[in-house]
Amino acid sequence: MATLKTKFMVGLFVVIGFTFAVVAVVWLGMANYFEKGQYYVAYFDESVQGLDKDSPVKYRGVAIGSVNSIGVASDVNLIEVILKIETDVKLDDSIVAQLKSVGITGIMFVELEKKDEKDVIFGEYIDFPTKYPVIHTKPSDIKKFFESVTDVLLEFKKLDIEAISNRIQSTLV
């Protein structure tokens, strides 16, 4: 038969266990409220294939945050990427975001850097409301490369190949 002391110890164990469980649930649920950091949003006019939630955000190669979420913007033309900057760095209009690739794997991250005068900047004229401050973007190197290849092919297509070959044949004759 259980003594009074045993019943008290079992009851005390149950109360302490229940208290720890409640504290753990509250602690885990409120953990996001205690994290430091600021949120920013960047709108890309290109594919973000390879960019995932929790992908790094780097400022000149130094990790300063991560991608919080990715979705389609409210205008249904742009891709909205919400960035969480976990340092005390304040981003202003002199900073632009660009998608960069990690090697040949296809994994992407967001690179932040100072705006250059010759950069083609996108996002200066976002005409819909945003929840967070907007970081302007510039095309990725991959997009620039494919646009250059397209331009070269269009110029090649403009050439009158038949007339050139006729001139070469007449010169050879």
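Let us look at the structure shown here. (Residues numbered from 1 in each chain as written. Predicted model: local features only at pLDDT ≥ 70, side-chain atom pairs only at ≥ 80, totals over all residues. Heavy atoms only, no water.)

Our next topic: the overall build of the chain. Broken down by element type, the chain carries 3 helices and 7 strands. When the helices and strands of the chain are listed from N to C terminus, the series reads α-β-β-β-β-β-β-β-α-α. Taking 16 Å as the expected radius of gyration for a compact globule of 173 residues, we find that the chain reaches 28 Å, considerably beyond that expectation. Expressed as lengths along the three principal axes of its C-alpha atoms, the size of the chain is roughly 120 × 40 × 30 Å. Residues classed as buried in the chain amount to 25% of the 173 residues present. In the chain, 58% of the contacts between residues at least 6 apart in sequence involve partners at least 24 apart. (Helix = DSSP H or I, 4+ residues; strand = E, 2+ residues; numbered from the N terminus. Rg over C-alpha atoms; globule rule 2.2 N^0.38 Å. Buried < 20%, exposed > 50% of the residue type's maximum accessible area, 1.4 Å probe, protein only. Contact = heavy atoms within 4.5 Å.)

Our next topic: the packing of aromatic side chains. Two numbers describe a pair of aromatic rings. These are the distance of the centres and the angle of the planes. All told, the structure shown has 2 aromatic pairs when counted by the stated rule. Between Tyr-43 and Phe-128, the aromatic rings sit 5.2 Å apart at their centres with planes inclined by 90°, giving edge-to-face as the arrangement. Residue Tyr-43 is found in strand β1 (residues 38-44), and its partner Phe-128 is found in the loop between β6 (108-114) and β7 (134-137); the two are separated by 85 residues along the sequence. Relative accessible area serves as the criterion here: at 2%, Tyr-43 is assigned to the buried category. Classification of Phe-128 as buried rests on a relative accessible area of 12%. Between Lys-58 and the ring centre of Phe-109, over which it is positioned, the NZ or CZ distance is 4.7 Å. (Phe/Tyr/Trp six-rings, centres within 6.5 Å; stacked < 30°, edge-to-face > 60°. Lys NZ or Arg CZ within 6 Å of the ring centre and 35° of its normal.)

Before going further, it helps to examine the sheet that holds β7. With mixed pairing, the 7 strands of this closed barrel are ordered in space as β1-β4-β3-β2-β6-β5-β7. Strand-to-strand, the axes of this sheet are offset by a mean angle of 35°, without reference to chain direction. Strand direction decides the pairing type here: strand β2 (residues 56-59) and strand β3 (residues 62-72), joined by 4 bridges, are antiparallel. Bridge assignment links Tyr-59 to a residue of β3, and that residue is Val-62. (Pairing = 2+ DSSP bridges. Axes fitted to C-alpha atoms, helices over the stretch in contact; angles between N-to-C directions.)

Bringing the environment of Ile-16 into the picture now. Mapped onto the secondary structure, Ile-16 falls in helix α1 (residues 4-30). What makes Ile-16 partly exposed here is its relative accessible area of 40%. Sequence spacing of Ile-16 and Val-72 is 56 residues, and the spatial spacing of their C-alpha atoms is 47 Å.

Relative to the helices and strands, Val-48 is located in the loop between β1 and β2. Of the residues examined, Val-48 reaches a relative accessible area of 12% and is grouped as buried. Along the backbone, Val-48 and Met-108 are 60 residues apart, and their C-alpha atoms lie at a distance of 7.8 Å. The contacts of Val-48, once residues within four sequence positions are left out, are Ile-70, Ile-79 and Leu-99.

What follows concerns the pairing of β3. Turn length for the β2-β3 hairpin, with the two strands adjacent in sequence and antiparallel, is 2 residues, and the turn residue Arg-60 shows positive phi of about 50°. Bridge analysis of β3 against strand β4 (residues 79-85) gives 7 bridges, and the strand direction is antiparallel. For Ile-70, the partnering residue across the bridge sits in β4 and is Val-81. The antiparallel pairing of β3 with β4 creates a hairpin that spans 6 residues between the two strands, and Val-76 there sits at a positive phi of about 65°.

This part is about the pairing of β6. Burial of β6 is extensive: 6 of the 7 residues sit out of reach of the surface. Bridging between strand β5 (residues 95-101) and β6 involves 7 bridges; their strand directions are antiparallel. Within β6, the residue paired with Ala-97 across the bridge is Leu-112. Linking β5 back to β6 in an antiparallel pair, the connection comprises 6 residues, with Gly-103 at a positive phi of about 65°.

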